[in-house]
Amino acid sequence: MLSYSTQRTYCDDARVVGVTVIPTMVQKYQSPVRVYKYPFELVMAAYERRFPTCHLIPMFVASDVVEEETNEDGSTTRVQRRCALDVDAPRLLKRIAGVDYVYFIQNNTLNRKERTLHIESHNDTFSNRVIIHETCCYSVHPENDAWTCFEQTASLDIKSFFGFESNVEKIAMKQYASSIKKGKEIIEFYLKELEDERITQLPRWTPSSLPVSRPTSLFTSLPVPPKPAITFPISIPLPINAKDSNSQDDTQDSSTLQADVLMEILTGTPEDKLDADYIKRYLGDLTPLQESCLIRLRKWLQETHKGKIPKDEHILRFLRARDFNMDKAREFLCQSLTWRKQHQVDYLLETWSSPQVLQDFYTGGWHHHDKDGRPLYVLRLGQMDTKGLVRALGEESLLRHVLSINEEGLRRCEENTKVFGRPISCWTCLVDLEGLNMRHLWRPGVKALLRIIEVVEANYPETLDRLLILRAPRVFPVLWTLVSPFIDENTRKKFLIYAGNDYQGPGGLVDYIDKEIIPDFLAGECMCEVPEGGLVPKSMYRTTEELETEDVCLWTESIYQSASVFKGAPHELLIEIIDASSVITWDFDMCKGDVVFNIYHSKRAPAPPRKDPLGAHGITSPVGNNVQLIDKSWVLGQDFSMVESPLTCREGESVQGSHITRWPGFYILQWKFHNMPACSAINLPRVDDVLATLQVCSHKCKVMFYTEVLGSEDFR
């Protein structure tokens, strides 16, 4: 009944004493959708058996019905219980608190007609110090009315607890993490108990199925069918375009068709929710609190990015990279999403074509999979002419090629998940260093390698399961010393290094790769199509000027622009409209800070754009563009007018919109620094906002935007 999560946030009623901020601890939990493959009425009968006590929940000591009422037609029953819990806490803490049991109030609303049970519970003990609130819902599966869904949300707000706030938090999290896992097992235990009693189905509610009088139990008046069948037949709805059941073909294929539909129900999930079975099948075994972090971050992305969110496996990688710290993972992921959007990385596999020199001399490629089904990438780094590739292609082309390899790796992980029937979210990399020498330590080449590592680490976390480094020569420690500081510590732990022919013995390649697919150049039996490399002809080298020009072109293909917004210095964009019925569209991301977005109209053109020198802000080298158009002498309502209501945009949000122009003239899109509301005794600011005002960098925001003007017909 107690519900928490590992993510700590700060609530709005944090107390501020002098300059010391004393936050209250707020924990949140959101469960995935858990499915019972039993009808709603049977699940409710199993649920009722948990009361008044449950031997499967030792801490659940007792429960008393405080109030119970049923409406006139018997379709809805409301029950209020007072439940006693024996919390597993240190005896000293219980003596200080002065209680042996913690009491909760539980309000249940059973709607037999709609086939739902809504549960709301909150703590009665220490309610002025600790606020615990939980809501649960049992409902019918949207695709199969013979199944039942369960969802749960909860929160814990520790305001004060005799100086033991952290202890209470840890105790609560520990107990709830174990109780969530047992929740489904308990219902299934009582479902099995009902089955042993030969109760495998119960009739659905009809207006005459229940008396109007108040029952002592929610199900005491439900009739039990005489000697029903032990198994309950599950009815699976066929697709709309299924053949008529009388046809011969349909008779022959019915079992196959029902199996296919069943698999769709098992694996398919609504767009806005995650099914527990789906998580286990496609994402792996997660703890309840890890599931909660995934669901909450996914929901936040849906709300702020207008439904354009990455795949669940990708979100989970960023959570794992930050040990499921919601705030850190959200910031990490948003930075990567902005980077992907700015450089159109989502379309890289369709738009990027490797130059011929890479096809001939880049000694890397995909090669089957490891023993666990993970895609295997082979890189013969010792045979690669890194200096020649950098001189012939430039750093940016090499980076794009490596990014395309990572994008292909993500695609192969999805394919292998389907092929092997288990979650596969990362790949194995085999690096052969035979031939590595001082030539590979060429300074520009090492610089390019470090740049590539930096970009990959920032945007493809938790994609590497294991890195096997083979035939490491004596020069390898020098290279390792240069690159290892740029590699995340968790990633470094995945490196296995073999010198000479050590990889051929016990604990070598055969422990990770099937003998049949070990590449031939490593004394294996499998032909590997990875290019052998060699020296890039100097005739293919290009001048520094040519490479710099091409490098700029590669990363300036983005249709997005970046701008900086400062306190007192908004960024403004001028759009001239000739046709009155044109449509201004925009798409922008808040990379840093909060802004207010405005749209103004003026009949006269503003003065030429001026860039704010920012001297007043103490910033000598601003990053990004900052332009002001609206003259300080202009008066709102006379010289220009507001045509859209101001929109407050928070850090990490993605905003899309449009405005149909009513008049020709000049339209100004403005991103303005969002000032905190004035502090008052009644409405205190958030702790995050208080801390932000103490930092100079909080006066700077960064936005990445794209705008376009369309004719009304084109827009429609």
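Analysis parameters
Residues numbered from 1 in each chain as written. Predicted model: local features only at pLDDT ≥ 70, side-chain atom pairs only at ≥ 80, totals over all residues. Heavy atoms only, no water. Helix = DSSP H or I, 4+ residues; strand = E, 2+ residues; numbered from the N terminus. Buried < 20%, exposed > 50% of the residue type's maximum accessible area, 1.4 Å probe, protein only. Contact = heavy atoms within 4.5 Å. Areas by Shrake-Rupley, 256 points an atom, 1.4 Å probe, with all protein chains shown as cover. Core = buried A, V, L, I, M, F, W, Y, C linked by side-chain atoms within 4.5 Å. Pairing = 2+ DSSP bridges. Axes fitted to C-alpha atoms, helices over the stretch in contact; angles between N-to-C directions. pLDDT = per-residue confidence, 0-100. Left-handed = near helix turned anticlockwise from the far one by under 90°. Nonpolar A, V, L, I, M, F, W, Y, C, P; charged D, E, K, R; others polar. Parallel < 35°, antiparallel > 145°, perpendicular 65-115°, else oblique. Phe/Tyr/Trp six-rings, centres within 6.5 Å; stacked < 30°, edge-to-face > 60°. Polar contact = N/O pair within 3.5 Å; in protein donor to acceptor, adjacent residues only side chain to side chain. Salt bridge = Lys/Arg side-chain N within 4 Å of Asp/Glu carboxyl O.

Looking at an unreviewed UniProt entry, the protein carries the name SEC14 like lipid binding 1, with the source organism given as Pogonophryne albipinna.

Visitor: Any chance you could explain the overall build of the protein here in plain terms?
Guide: Helix and strand content of the protein: 18 helices and 27 strands. Looking at the protein residue by residue over its 716 residues, the buried ones come to 47%. Considering only contacts in the protein between residues 6 or more positions apart, those separated by 24 or more positions represent 75%. As displayed, the protein offers around 36,800 Å² of accessible surface, 52% of which is attributable to carbon and sulfur atoms.

Visitor: Help me understand the nonpolar core, please; the structure alone is not making it clear to me.
Guide: As a rule of thumb, soluble globular proteins bury nonpolar side chains together. Judged by nonpolar contacts, the single largest core of 51 residues is most densely connected at Tyr362, Leu389 and Leu433. At the level of secondary structure, the elements contributing two or more residues to this core comprise helix H10 (356–361), strand S13 (375–379), helix H11 (386–393), helix H12 (395–420), strand S14 (427–432), helix H13 (443–459), strand S15 (464–470) and helix H14 (476–483). Counting residues in each nonpolar core, the second largest holds 42 residues, with Ala45, Phe150, Val168 and Tyr190 among its members.

Visitor: Quick question: what am I supposed to make of the sheet that holds strand S19 (residues 583–592) here?
Guide: Sheet strands pair via backbone hydrogen bonds, and the direction of the pair is either parallel or antiparallel. Taking strand neighbours across the sheet as the criterion, the four strands line up as S17-S27-S19-S25 in an open arrangement whose pairing is antiparallel. For this open sheet the edge positions go to strand S17 (561–566) and strand S25 (654–660), each flanked by a neighbour on one side alone. Between one strand axis and the next, the sheet turns by 30° as a mean value, whatever way the strands run. The pairing of S19 with strand S27 (residues 700–710) spans nine bridges and is antiparallel.

Visitor: What exactly am I supposed to notice about the environment of Tyr38 here?
Guide: Looking at the secondary structure, you find Tyr38 in the loop between strand S5 (34–36) and helix H1 (40–48). Distance from Tyr38 to Glu188, taken between C-alpha atoms, is 9.6 Å for residues 150 residues apart in sequence. Non-local contacts of Tyr38, meaning those with residues more than four positions away in its chain, are made with Val43, Ala146, Trp147, Thr148 and Leu191.

Visitor: How should the confidence of the model for the protein be read in this particular structure?
Guide: In low-pLDDT regions, the fine details of the predicted coordinates are not to be read closely. This prediction gives the protein a mean pLDDT of 79; 79% of its residues lie at or above 70. Note on residues 1–23: pLDDT is under 50 here. Beyond four places in sequence and across chains, it has 78 contacts. Counted against residues more than four places away or in other chains, residues 613–623, with its pLDDT under 50, gives 13 contacts.

Visitor: Quick question: what am I supposed to make of the packing of H12 against H13 here?
Guide: Two measures define how a pair of helices packs: the angle their axes make with one another and the distance between the axes. Contact geometry for H12 and H13: axes closest at 10 Å, N-to-C directions at 40°. Note that H12 runs across H13; the crossing there is right-handed. Counted together, Glu395, Glu396, Leu398, Leu399, Val402, Leu403 and Asn406 of H12 and Lys447, Ala448, Arg451, Ile452, Val455 and Val456 of H13 form the full contact between these two elements. When the residues that make up the contact of H12 with H13 are grouped by side-chain class, the tally is eight nonpolar, one polar and four charged.

Visitor: Where do I start with the packing of H11 against H12 in this structure?
Guide: Packing of H11 against H12 brings their axes to within 7 Å, and their N-to-C directions diverge by 110°. Viewed along their axes, H11 and H12 adopt a mutual orientation that is roughly perpendicular. Residues Leu389, Val390 and Leu393 of H11 touch H12, and the partners they reach there are Glu395, Ser397 and Leu398. Class assignment for the residues of the contact of H11 with H12 results in four nonpolar, one polar and one charged.

Visitor: Is there a simple way to think about the packing of aromatic side chains in this case?
Guide: Pairs of aromatic rings are described using the distance from one ring centre to the other and the angle between the two planes. By the definition in use, this model includes 19 aromatic pairs. Ring plane angle 70° and centroid distance 5.1 Å describe the contact between Tyr600 and Phe640, whose orientation is recorded as edge-to-face. Here Phe640 lies in the loop between strand S22 (627–628) and strand S23 (641–642) and Tyr600 lies in strand S20 (residues 595–602), a separation of 40 residues in the sequence. Using a relative accessible area of 9% as the deciding quantity, one classes Phe640 as buried. Three or more aromatic residues joined by ring pairs make a cluster, and in this case those are Tyr36, Tyr47, Phe51, Phe60, Tyr138 and Phe150.

Visitor: Where do I start with the side chain of Thr76 in this structure?
Guide: Its place among the elements puts Thr76 in strand S7 (residues 76–85). Judged by relative accessible area, which is 10%, Thr76 ranks as buried. Setting aside chain neighbours within four positions, we find Thr76 in contact with Glu69, Thr70, Asn71, Thr109, Leu110, Asn111 and Arg112.

Visitor: I'm lost on unusual backbone geometry in this one. Help?
Guide: Along the chain, Phe51 connects to Pro52 via a cis peptide bond; the corresponding omega equals 0°. The backbone of Arg198 sits at a positive phi, close to 65°, despite the residue not being glycine. Note that Arg198 resides in the loop between helix H3 (165–196) and helix H4 (248–267). On the basis of relative accessible area, Arg198 is assigned to the partly exposed category, the value being 39%. With a phi angle near 55°, His368 is a residue other than glycine that sits in the positive phi range. Residue placement: His368 occurs in strand S12 (residues 364–369). Here His368 falls in the partly exposed class, since its relative accessible area comes to 46%.

Visitor: So what exactly am I meant to see when it comes to the sheet that holds S14 here?
Guide: Pairing within the open sheet is mixed, and its five strands lie in the order S12-S13-S14-S15-S16. A strand with exactly one partner marks an edge of an open sheet, and here the two such strands are S12 and strand S16 (495–497). If you compare each strand with its neighbour and ignore which way they point, the axes differ by 20° on average. Pairing of S13 with S14 involves four bridges; the strand directions are parallel. Across the sheet, Leu379 pairs through a bridge with Val431, a residue of S14. Contacts between H12 and the sheet are confined to S12, S13 and S14, with S12 contributing the most and set at about 10° to the helix.

Visitor: What should I look at first to understand H11 in this one?
Guide: Summarising burial for H11: six of the eight residues are buried, a large majority. Listed in full, the buried residues belonging to H11 are Thr386, Gly388, Leu389, Val390, Ala392 and Leu393. Backbone geometry just after H11 places Gly394 at a positive phi near 95°.

Visitor: Help me understand the side chain of Glu134, please; the structure alone is not making it clear to me.
Guide: Within the secondary structure, Glu134 is located in strand S10 (residues 130–140). A polar contact of 2.5 Å, which involves the side chain of Glu134, links it to the side chain of Gln152.

Visitor: For this particular structure, what's the right way to read the environment of Ser484?
Guide: Tracing the sequence through the fold places Ser484 in the loop between H14 and helix H15 (489–492). Looking at Ser484, the relative accessible area reads 13%, which means it is buried.

Visitor: How do you make sense of the pattern of salt bridges when you look at a structure like this?
Guide: Between side chains of opposite charge, a pair can form as their charged atoms come close. In total, this model carries 32 salt bridges according to the counting rule given. Glu415 is the salt-bridge partner of Arg411, the closest N and O atoms lying 2.2 Å from each other. You can see Arg411 and its partner Glu415 sitting in helix H12, four residues apart, about one turn around the helix. Here Arg604 ties to Asp639 by a salt bridge, and the two come within 2.8 Å at their closest N and O atoms. Pair noted here: Arg604 is in the loop between S20 and strand S21 (610–611) and Asp639 is in the loop between S22 and S23, with a separation of 35 residues, a long-range link.

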